[in-house]
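In case you want the letters, here they are:
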Amino acid sequence: MKKLLFWFAIIVFLIISLLVIIEKTGTKSGTIVWSQTSVPTSVHNCRADAITLKDDSLYLAGYSEIQAPGDRLNTQWVIEKRNLSDGSLVEEFGSSGVVTINHSDGTDWAHAIVLDLDKSSNIWRQILNFLFSNQQKVMYIVGRDESPGKYDQQWRIEKRSSEDGSLISEFGSGGVVTVNPSKRFELANDIAIDENYIYVVGDDESLGQRNTQWGIVKIKK
Ligand SMILES: [Ca+2]
């Protein structure tokens, strides 16, 4: 009996020692694993607004100023794809991991991003998907652009490949849908998706200047 108790005590001791070693060598909850900074072709301020992830990649969206502040802000959309493991840029995406688009001389701003598998209305792509089960990985990015005219900012929704960042031309007009409730400052703030539709929420200033209301739009994928 004494021998049994002795070996039982030894086993308990070994288990506790092992747990202590695992606790000390493992990553503690709340530890910062890595951090990165980015100044995407900005001459003044830049801003990151959106983050999402899929598989082993992280996707970010925001804007950068490409001209020193004058009578109006000239910003451009910035989308980055990074590795989850260390935060480094994914070379194959856009130009060395970054897509930048300057839609106008005014305030262009990517504000939200969501990832998806392509549900294309193109019959040939649907047949390819069916035959080879190789659905294209895509993303929707929403925000604003000022291309209608000075201080006339509209909602902008873009569908792009999440592999290389290129526009998916079957969506809207050349991969882009715009919504312009009024000739004032409007921004598509966020996006949600289901199997067949995307839903976008944002500012609508059509009631009058500084009299904004919510706008919600449902769009066929
Ligand atoms: Ca611009």
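Quantities reported herein were computed from a predicted structural model and do not represent experimental measurements.

*Asks:* For this particular structure, what's the right way to read the overall build of the protein chain?
*Replies:* For the protein chain, the helix and strand inventory stands at two helices and 11 strands. Traced from its N-terminal end to its C-terminal end, the protein chain shows the element sequence α-β-β-β-β-β-α-β-β-β-β-β-β. Considering only C-alpha atoms, the protein chain reaches an extent of 90 × 50 × 35 Å along its principal axes. By residue count, 29% of the 221 residues in the protein chain fall in the buried class. By sequence separation, contacts in the protein chain at least 24 residues apart represent 50% of the contacts at least 6 residues apart.

*Asks:* Got a minute to help me understand the sheet that holds strand β11 (residues 213–220) in this structure?
*Replies:* The pairing of strands in a sheet happens through backbone hydrogen bonds and is either parallel or antiparallel. Across the sheet, three strands lie side by side as β9-β10-β11; this open sheet has antiparallel pairing. Because the sheet does not close on itself, it has two edges, and the strands there are β9 (188–193) and β11. In this sheet, neighbouring strand axes are inclined to one another by 20° on average, regardless of whether the strands run parallel or antiparallel. Across five bridges, the pairing between β9 and strand β10 (residues 197–204) is antiparallel. Along β10, the bridge assignment pairs Ala192 with Tyr199.

*Asks:* Would you explain the sheet that holds strand β7 (residues 152–161) in this entry?
*Replies:* Strands sit in the order β5-β6-β7-β8 across an open sheet of four strands; the sheet is antiparallel. A strand with exactly one partner marks an edge of an open sheet, and here the two such strands are β5 (109–117) and β8 (176–179). Sheet twist, expressed as the mean angle between neighbouring strand axes with direction ignored, is 25°.

*Asks:* In this structure, what is going on with helix α2 (residues 123–132)? I would like to understand it.
*Replies:* Since the α-helix advances by 3.6 residues per turn, residues separated by three or four positions end up pointing in the same direction. Across the 10 residues of α2, zero count as buried, placing the element largely on the outside. Residue Ser133 follows α2 closely and has a positive phi angle near 50°.

*Asks:* Looking at this model, I keep getting lost on unusual backbone geometry. Mind explaining?
*Replies:* The bulk of non-glycine residues show a negative phi, and the bulk of peptide bonds are trans. One non-glycine residue, Asp55, lies in positive phi territory at about 55°. Following the sequence through the fold, Asp55 ends up in the loop between β1 (46–54) and β2 (57–65). A count of 8 C-beta atoms within 10 Å places Asp55 in the exposed class. Phi at Tyr151 takes a positive value of approximately 65°, unusual for a residue other than glycine.

*Asks:* Please clarify how the pairing of strand β3 (residues 75–83) should be interpreted in this entry.
*Replies:* The buried count for β3 comes to eight of nine residues, which makes it a mostly enclosed element. Of the strand pairs in this sheet, β2 and β3 are connected by nine bridges, and their pairing is antiparallel. Residue pairing for β3: Leu60 is matched across the bridge by Glu80. In this structure, β3 lies alongside strand β4 (residues 98–101), joined through four bridges in antiparallel fashion.

*Asks:* Looking at this structure, I do not really get the environment of Val200. What am I missing?
*Replies:* Among the secondary structure elements, Val200 is positioned in strand β10. C-alpha separation for the pair Val200 and Val142, spaced 58 residues apart in sequence, amounts to 7.9 Å. Not counting residues within four places of it along the chain, the set of residues in contact with Val200 comprises Val142, Trp155, Ile157, Ala188, Ile191, Val217 and Ile219.

*Asks:* Whenever I open this one, the nonpolar core confuses me. Can you help?
*Replies:* The tendency in soluble globular proteins is for nonpolar side chains to be buried as a group. Among the nonpolar cores identified, the biggest contains 28 residues, and Ala61, Ala110, Ile141 and Val142 are the most heavily contacted of them. Among the elements of the structure, β2, β3, β4, β5, β6 (137–149), β7, β9 and β10 are those that each provide at least two residues to this core. When residues in this core are grouped by element, the largest group, five residues, is from β6. Setting aside residues up to four positions removed in sequence, Ala110 forms contacts with Ala61, Gly62, Tyr63, Trp77, Val78, Ile79, Ile141 and Gly143.

*Asks:* Explain the pairing of β11 here, please?
*Replies:* Burial analysis of β11 places just zero of its eight residues in the buried class, which makes it a mostly uncovered element. Sheet analysis places β10 next to β11, joined by eight bridges and oriented antiparallel. Directly across from Ile198, in β11, lies its bridge partner Ile219.

Conventions adopted
- Residues numbered from 1 in each chain as written.
- Predicted model: local features only at pLDDT ≥ 70, side-chain atom pairs only at ≥ 80, totals over all residues.
- Helix = DSSP H or I, 4+ residues; strand = E, 2+ residues; numbered from the N terminus.
- Buried ≥ 20, exposed ≤ 12 C-beta atoms within 10 Å, placed from the backbone.
- Contact = placed C-beta atoms within 7 Å.
- Pairing = 2+ DSSP bridges.
- Axes fitted to C-alpha atoms, helices over the stretch in contact; angles between N-to-C directions.
- Core = buried A, V, L, I, M, F, W, Y, C linked by C-beta atoms within 7 Å.

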